[in-house]
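Given next are the chains, with one letter for each unit.
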Amino acid sequence: MTEGPRDCSIANAMEVIGERWSLLALREVFFGARRFDQIIRNTGASRDILTARLRKLVEAGILEKRLYEEHPPRYEYVLTEAGHALNHVLLNLMAWGDKYVTEGPPPTVWRHACGAELAPETVCAHCREPVRERDMTLVRSTRRVRDQGV
């Protein structure tokens, strides 16, 4: 038996949300677009790709598909608890894109309830201090074991 790739929650999460159209569909639901036609218009995804990505997000428990019209049957997509938990991820990804990828001013700006322009920051849940690489110590990291067979 040999060591395989690192067992990692980032890799596990990427299996579910780590594709461009999945993230853009989630962005649209966060922005308030919950119907298929709104999401497709705002993302530019093809119908078949968006259908597949939305189905995967529903199966993963990130979105819930709710009937809003019976004749003909029409559905909207609503964030679940797991979906709402991705808000921080998307905000931080957007902030990274604003700083390192997007030329010019950020295309999307949010205002916080305090009145200031939102600048997301990851903080320690225990002490509320900002999380910096120099303050982190790896406690555990496991690898999968591969059976080499005989």
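Here the structure is a predicted model, which is why all the values come from computation and not from measurement.

Thresholds applied
Residues numbered from 1 in each chain as written. Predicted model: local features only at pLDDT ≥ 70, side-chain atom pairs only at ≥ 80, totals over all residues. Heavy atoms only, no water. Pairing = 2+ DSSP bridges. Helix = DSSP H or I, 4+ residues; strand = E, 2+ residues; numbered from the N terminus. UniProt positions renumbered as here; feature names shortened; annotations may be inferred. Phe/Tyr/Trp six-rings, centres within 6.5 Å; stacked < 30°, edge-to-face > 60°. Buried < 20%, exposed > 50% of the residue type's maximum accessible area, 1.4 Å probe, protein only. Core = buried A, V, L, I, M, F, W, Y, C linked by side-chain atoms within 4.5 Å. Contact = heavy atoms within 4.5 Å.

Caption draft 1: Examining the pairing of strand β2 (residues 63–69) more closely. Two elements, β2 and strand β3 (residues 74–79), share six bridges in a ladder whose sense is antiparallel. Each bridged residue has a counterpart across the sheet, and for K65 the counterpart in β3 is Y77.

Caption draft 2: How the structure looks around the UniProt feature "domain: HTH hxlR-type" (unreviewed entry) in the chain. UniProt records the feature "domain: HTH hxlR-type" (unreviewed entry) at residues 8–105, using the numbering of this structure. Note that residues 8–105 is 61% helix and 13% strand, and that its end C-alpha atoms are spaced 35 Å apart.

Caption draft 3: A look at the packing of aromatic side chains. Tallied over the entire structure, the rule returns two aromatic pairs. For the pair W96 and Y100, a centre-to-centre distance of 5.9 Å together with 40° between the ring planes defines the contact as tilted. A residue pair is termed a helical-turn pair when its members lie 3 or 4 positions apart in one helix, as W96 and Y100 do in helix α6 (residues 87–100) at four residues. Classification of Y100 by relative accessible area gives exposed; the value is 54%.

Caption draft 4: Quick peek at the environment of L93. For L93, the position within the fold is in helix α6. Along the sequence, L93 and P120 sit 27 residues apart, while their C-alpha atoms lie 9.7 Å from each other.

Caption draft 5: Expanded view of unusual backbone geometry. Following H71, the chain continues to P72 via a peptide bond in cis, the omega torsion being -10°. Within the secondary structure, P72 is located in the loop between β2 and β3.

Caption draft 6: Structural detail: the nonpolar core. L26, I39, L50, L54 and L63 are the most contacted members of the largest nonpolar core, which totals 21 residues. Counting only elements with at least two residues in this core, the list comes to α2 (20–31), α3 (36–43), α4 (47–59) and β3. Per-element accounting of this core gives the leading share, six residues, to α2. Here I39 is in contact with A25, E28, V29, A33, R34, L50, L54 and Y77, once residues within four sequence places are set aside.

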